[in-house]
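Spelled out from the first residue to the last, the chains are:
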Amino acid sequence: MALTVEALAVAIRAADYETDNSVTLDTGVREILTRLNSVANTFIEEHASTAPDTVKEEAAVLFVGYLYDRPNFHGLAMANGFVNSGAAALLSRWHIERAAALETE
């Protein structure tokens, strides 16, 4: 996926385009969005790796936007955020349930 941090910031309304179409981000905001984008991409690839890139990018915008508005989310709350943000529903067409045999001794 080729979603830049700047495009992501504009998409979730954390920044605006300047008159010359550039985006200025504070270092802290850039670090947060970079981290959240990485988390989102991991969830998305695990959930629906065969989805088209444009759909994955939109799911990332939904998920990152949701998490950015809730800065104290972590662990199980992030998994709930993936569903609550709408990202899981957007990717549902490409979601493949995986099953594995249990090993017994």
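This text goes with the structure placed above it.
Calculation notes
The numbering scheme is per chain: residues are counted from 1 as the chain's sequence reads. Local features in this predicted model are restricted to residues of pLDDT 70 or higher, and side-chain atom pairs are both shown and tallied only at a pLDDT of 80 or more, whereas totals for entire chains, interfaces and linings draw on every residue. Based on all heavy atoms of the structure, the side-chain values leave hydrogens and waters out of the count. A helix here means a DSSP run of H or I that spans at least four residues, while a strand means a run of E at least two residues long, and both kinds are numbered starting from the N terminus. Helices are assigned an expected span. That span is 1.5 Å times one less than the residue count. Throughout this description, buried means an accessible area under 20% of the type-specific maximum (1.4 Å probe, protein chains only), exposed means over 50%, and partly exposed covers the range between. Centres within 6.5 Å make a pair out of two Phe, Tyr or Trp rings, where for Trp the six-membered ring is used; the pair is then stacked when the planes are under 30 degrees apart, edge-to-face when over 60, and tilted otherwise. For this analysis, a salt bridge means a side-chain nitrogen from Lys or Arg found within 4 Å of a carboxyl oxygen belonging to Asp or Glu. Only C-alpha atoms enter the line fits that serve as axes; for helices the fit covers just the stretch in contact. Angles between N-to-C directions range over 0 to 180 degrees. In what follows, roughly perpendicular refers to angles from 65 to 115 degrees, roughly parallel to angles under 35, roughly antiparallel to angles over 145, and oblique to any angle outside these ranges. Here a crossing is called left-handed whenever its near helix is offset anticlockwise from the far helix by less than a right angle, and right-handed whenever the offset is clockwise. Any pair of residues with heavy atoms lying within 4.5 Å of one another is described as a contacting pair.

## Here's the deal with helix H2 (residues 27-48)
- Over its 22 residues, H2 extends 31 Å from the first C-alpha to the last, a length consistent with the 32 Å expected when each residue adds 1.5 Å.
- Within H2, the full set of buried residues consists of Val29, Leu33, Leu36, Asn37, Val39, Ala40, Ile44, His47 and Ala48.

## Description of the packing of aromatic side chains
- Evaluated as defined, the whole model comprises three aromatic pairs.
- Centre to centre, the rings of Phe43 and Phe82 are 5.4 Å apart; their planes meet at 40°, and the pair counts as tilted. Pair noted here: Phe43 is in helix H2 and Phe82 is in helix H4 (residues 76-84), with a separation of 39 residues, a long-range link.
- We classify Phe82 as buried; its relative accessible area is 5%.

## Overview of the pattern of salt bridges
- By the definition in use, this model includes two salt bridges.
- Among the salt bridges present, the one from Arg30 reaches Glu6, with a minimum N-O distance of 2.8 Å. Placement of Arg30 in helix H2 and of Glu6 in helix H1 (residues 5-11) is noted, with a sequence separation of 24 residues between them.
- Residue Arg30 is classed as partly exposed on the basis of its relative accessible area, which comes to 31%.
- The residue Lys56 makes a salt bridge to Glu45 at a minimum N-O spacing of 2.8 Å. Here Glu45 lies in helix H2 and Lys56 lies in helix H3 (residues 53-68), a separation of eleven residues in the sequence.
- By relative accessible area, Glu45 is classed as partly exposed at 35%.

## Some details on the packing of H2 against H3
- For the pair H2 and H3, interaxial distance at closest approach is 9 Å and the crossing angle is 130°. On the basis of their axis angle, the class for H2 and H3 is oblique. Note on packing geometry: the crossing formed by H2 with H3 is right-handed. Of H3, the residues touching H2 (which contributes Val29, Ile32, Leu33, Leu36, Asn37, Val39, Ala40, Asn41, Phe43, Ile44, Glu45 and Ala48) are Lys56, Ala59, Ala60, Phe63, Val64, Leu67 and Tyr68.

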